[in-house]
Amino acid sequence: MRSLSIVVFLFLTGCSRKEPATDFPKIADEFVYRSLAFSPINATAQGLHTFEKRNLDSELDDYNGAAIQAQRQFYSGIHKKLVALDRDGLSDEDKADFDIIDTQCGLALFDIDIART
């Protein structure tokens, strides 16, 4: 019985391991630039004029269903990437950025799914 308890404990702790936080800067950059590009008007006002070969200066914000769904998938995906990371392995500054990005993802998903603004 004792060996079964140890096996179960090791299995459970192994399943809850998080990824090293080395990918966080890449995730943060992806979040900043892609979330800005969802609103070309805001992006150009912030100084981002091109993104992935798109000229944001010549685009308007897109509010059709497919664009909103793409935003939902993006924010949900970023949240999943953050949850998989070991937040404790980050510097204090990165922990603050982590929290800001995760909160912004939650707010965006609330806005899309519940408030529907």
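Up top is the structure these notes are about.
So, here's what we can say about the structure. (Residues numbered from 1 in each chain as written. Predicted model: local features only at pLDDT ≥ 70, side-chain atom pairs only at ≥ 80, totals over all residues. Heavy atoms only, no water.)

**As for the overall build of the protein**
Then step 1. Within the protein, the secondary structure is distributed over five helices and two strands.
Then step 2. Each helix and strand of the protein, placed in order from N terminus to C terminus, yields the pattern α-α-α-β-β-α-α.
Then step 3. Counting the 117 residues in the protein, one finds 26% classified as buried.
Then step 4. Contacts in the protein between residues at least 24 apart in sequence constitute 54% of all its contacts with a sequence separation of at least 6. (Helix = DSSP H or I, 4+ residues; strand = E, 2+ residues; numbered from the N terminus. Buried < 20%, exposed > 50% of the residue type's maximum accessible area, 1.4 Å probe, protein only. Contact = heavy atoms within 4.5 Å.)

**Things to note about the nonpolar core**
Then step 1. Membership of the largest hydrophobic core comes to 17 residues, with the highest contact counts inside it found for Phe24, Phe31, Tyr75, Ile78, Leu82 and Ile101.
Then step 2. Within the residue set of this core, elements represented by two or more residues are helix H2 (24-37), helix H4 (65-84) and helix H5 (92-115).
Then step 3. Broken down by element, the residue count for this core peaks at six residues, all from H5.
Then step 4. Residues in contact with Tyr75, not counting those within four places in the same chain, are Phe31, Ser35, Phe38, Cys105, Ala108, Leu109 and Ile112.
Then step 5. Membership of the second largest hydrophobic core comes to six residues, among which are Leu36, Ala43, Phe51 and Leu56. (Core = buried A, V, L, I, M, F, W, Y, C linked by side-chain atoms within 4.5 Å.)

**Considerations on the packing of H2 against H4**
Then step 1. Relative orientation of the contacting elements H2 and H4 amounts to 165°, with a least axis distance of 11 Å. The angle between H2 and H4 places the two elements in the roughly antiparallel class. Our pair here, H2 against H4, has a crossing hand that is left-handed. When H2 is examined against H4, the residues Phe24, Ile27, Glu30, Phe31, Arg34 and Ser35 are found in contact with a partner set consisting of Phe74, Tyr75, Ile78, Lys81 and Leu82.
Then step 2. Within the contact of H2 with H4, the residues separate by chemical class into seven nonpolar, one polar and three charged. (Axes fitted to C-alpha atoms, helices over the stretch in contact; angles between N-to-C directions. Parallel < 35°, antiparallel > 145°, perpendicular 65-115°, else oblique. Left-handed = near helix turned anticlockwise from the far one by under 90°. Nonpolar A, V, L, I, M, F, W, Y, C, P; charged D, E, K, R; others polar.)

Spatial relationships are all this shows, so hold off on functional conclusions.
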